[in-house]
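Structural overview for review
So the chains spell out like this:
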Amino acid sequence: MTASDHAPDIDARYAFARALAHEAAQMGMQLYRERGTLVVEHKGAYRQDVVSIADQRIEQFLRARLAERFPEDGFLGEESGAADLEARCVWVIDPIDGTACFLHGLHNWCVSVGLMVDGRPHVGVIADPNHDELFHGCLGRGAFVNDQPLKASAATHVSEGLTGTGTFHPRGKEHFIPFLEKLLAEGGMFLRNGSGALMTAYVAAGRLLGYYETQLKSWDCLAGLVLVKEAGGLVNDFFRGDGLLDGNPYLVACPGVYAQLAQMVGPSLDT
Ligand code: IPD
Ligand code: CA
Ligand code: CA
């Protein structure tokens, strides 16, 4: 029998992820206060896609602590890439989700720590130090913000609340503008706060009815997907194809509104 034949210790990983995300978020707050001094780089040709030394430092911290505590686990992070993706447990993390907000002095950013077990999202922790909110959940055990249980909205129509949305320039606007037009025509209203992980947590918390983004990466949303499922929400087939590494279109929503939003997104959800 080898180590990988044993059932992974989920309790230990869930507890560790909560403490680690909280610690990383506090580290993020220190860097946020010093943001004027951070060197900012642009990723590739796309000027809105920014990264700073804060993203890199927090990812190094998370990666080192996870490797020390769970050396048998795999890892996928936005800034440093992948290792051991064939392991039973793979951590999928975004050191700062909402980097543009972070660098522009807007309080919508967080640390996102997700855990995939046997190919399925299993644990999710999203730490928002600006609002003292630690969102966390584990498959079959519910989802919480701090100690409060999360529940998706009971709404049955988009006109009953706000819908999160987002896009980025490389994904054509034809995947975005028609959706906005349909949402507004039905009496819905959109919100984009600059952090896909936080907007996903807000769907789990019932603060947003749903959230559509034309394309996300797995580190933006894996932790949040656990929260939404555990809070009774619905999610699209985000991991189809090469979703883990390349990303896909993304839709999460409360059960009464998911079908309406999916219809508004139309074929863009599958292409
Ligand atoms: C971004 C945020 C944003 C979304 C972008 C993501 P980053 O992540 O989640 O809300 O619209 O597509 O890339 O770059 O801040 O980690
Ligand atoms: Ca992100
Ligand atoms: Ca990021």
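Residues numbered from 1 in each chain as written. Chains lettered and ligands numbered in written order. Predicted model: local features only at pLDDT ≥ 70, side-chain atom pairs only at ≥ 80, totals over all residues. Heavy atoms only, no water.

This part is about the overall build of the protein chain. Helix and strand content of the protein chain: eight helices and 15 strands. At 18 Å, the protein chain has a C-alpha radius of gyration in line with the 18 Å of a compact globule built from 271 residues. Each of the three principal axes of the protein chain carries a C-alpha extent, and together these read 55 × 45 × 35 Å. Each of the 271 residues in the protein chain was classed as buried or not, and the buried ones make up 54%. Relative to all contacts within the protein chain whose residues are 6 or more apart in sequence, the contacts with residues 24 or more apart total 62%. Carbon and sulfur atoms form 53% of the exposed surface of the protein chain, whose accessible area is close to 11,800 Å². Once the 22 positive and 34 negative side-chain charges of the protein chain are each reduced to a mean point, those two points are 2 Å apart. (Helix = DSSP H or I, 4+ residues; strand = E, 2+ residues; numbered from the N terminus. Rg over C-alpha atoms; globule rule 2.2 N^0.38 Å. Buried < 20%, exposed > 50% of the residue type's maximum accessible area, 1.4 Å probe, protein only. Contact = heavy atoms within 4.5 Å. Areas by Shrake-Rupley, 256 points an atom, 1.4 Å probe, with all protein chains shown as cover. Lys, Arg positive; Asp, Glu negative; His and termini not counted. Charge placed at Lys NZ, Arg CZ, Asp CG, Glu CD.)

Now for the coordination of the calcium ion (ligand 3). Surrounding the calcium ion (ligand 3) are the protein donor atoms Glu78 (OE), Asp94 (OD), Asp94 (OD) and Ile96 (O), at 2.2 to 3.2 Å. Binding-site remark: the calcium ion (ligand 3) is held by donors from one chain whose sequence spacing is E-x15-D-x1-I. In this model, the calcium ion (ligand 3) sits 3.7 Å from the calcium ion (ligand 2), the two metals being bridged by aspartate 94. Note on isoleucine 96: relative accessible area 1%, which makes it buried. (Donors = N, O, S within 2.8 Å, 3.2 Å for Na, K, Ca; no water.)

Here the focus is the domain arrangement of the protein chain. The extent of an interface is frequently quoted as the accessible surface area lost upon association of the parts. Each assigned domain of the protein chain is listed with its residue range as follows: domain 1 (3-149) and domain 2 (158-270). If you look at the interface, domain 1 gives 38 residues, while domain 2 gives 25 residues. The interface formed by domain 1 and domain 2 holds one salt bridge in total. Across the pair glutamate 133 and arginine 207 runs a salt bridge whose closest N-O atoms are separated by 2.8 Å. Counting across the domain 1 and domain 2 interface gives eight residue pairs in polar contact (both at pLDDT 80 or more). At the level of elements, strand S3 (74-77), strand S5 (89-97), strand S6 (110-117), strand S7 (120-128), strand S8 (133-138) and strand S9 (142-145) are the ones that each hand at least two residues to the side of domain 1 that touches domain 2. (Domains from an automatic or database assignment. Salt bridge = Lys/Arg side-chain N within 4 Å of Asp/Glu carboxyl O. Polar contact = N/O pair within 3.5 Å; in protein donor to acceptor, adjacent residues only side chain to side chain.)

Once that is clear, we can look at the sheet that holds strand S11 (residues 162-166). Spatial ordering of the open sheet is given by S12-S11-S13-S15-S14, a layout of five strands whose pairing is mixed. Two strands bound the open sheet, and with one partner strand each, they are strand S12 (189-191) and strand S14 (234-235). Pairing analysis gives three bridges linking S11 to S12, with the strands arranged parallel. By the bridge assignment, glycine 164 is partnered in S12 with leucine 191. Contacts from helix H4 (residues 177-185) reach S11, S12 and strand S13 (210-216), with the element oriented near 130° to S12. Contacting S11, S13, S14 and strand S15 (248-253), helix H8 (residues 258-265) runs over the sheet at an angle of about 150° to S15. (Pairing = 2+ DSSP bridges. Axes fitted to C-alpha atoms, helices over the stretch in contact; angles between N-to-C directions.)

On to unusual backbone geometry, then. If you check the backbone angles, aspartate 84 has positive phi at about 50° while not being a glycine. By secondary structure assignment, the location of aspartate 84 is in the loop between strand S4 (81-83) and S5. According to the relative accessible area criterion, aspartate 84 is partly exposed, its value standing at 43%. In this structure, asparagine 146 takes a positive phi of about 50° despite not being glycine. Looking at the secondary structure, you find asparagine 146 in the loop between S9 and strand S10 (148-149). Of the residues examined, asparagine 146 reaches a relative accessible area of 35% and is grouped as partly exposed.

In terms of residue burial, S8 counts as a mostly covered element, since six of its six residues are buried. In this sheet, S8 lies alongside S7 in antiparallel orientation, the contact comprising six bridges. Note that in S8 the partner of valine 125 across the bridge is histidine 136. Once S7 ends, the chain turns through four residues before running back antiparallel as S8, passing aspartate 132 with a positive phi of about 50°. Sheet topology places S8 next to S9; four bridges connect them, and they run antiparallel. Bridged to histidine 136 within S9 is phenylalanine 144. From the end of S8 to the start of S9, which pair antiparallel, there are three residues, and glycine 140 there has a positive phi angle of about 80°.

Their axes nearest at 8 Å, the elements H4 and H8 cross at an angle of 135°. Classified by the interaxial angle, the pair formed by H4 and H8 is oblique. For the pair H4 and H8, contact is made by Phe179, Lys182 and Leu183 and by Leu261, Met264 and Val265, respectively. In terms of residue class, the contact of H4 with H8 is built from five nonpolar, no polar and one charged. (Parallel < 35°, antiparallel > 145°, perpendicular 65-115°, else oblique. Nonpolar A, V, L, I, M, F, W, Y, C, P; charged D, E, K, R; others polar.)

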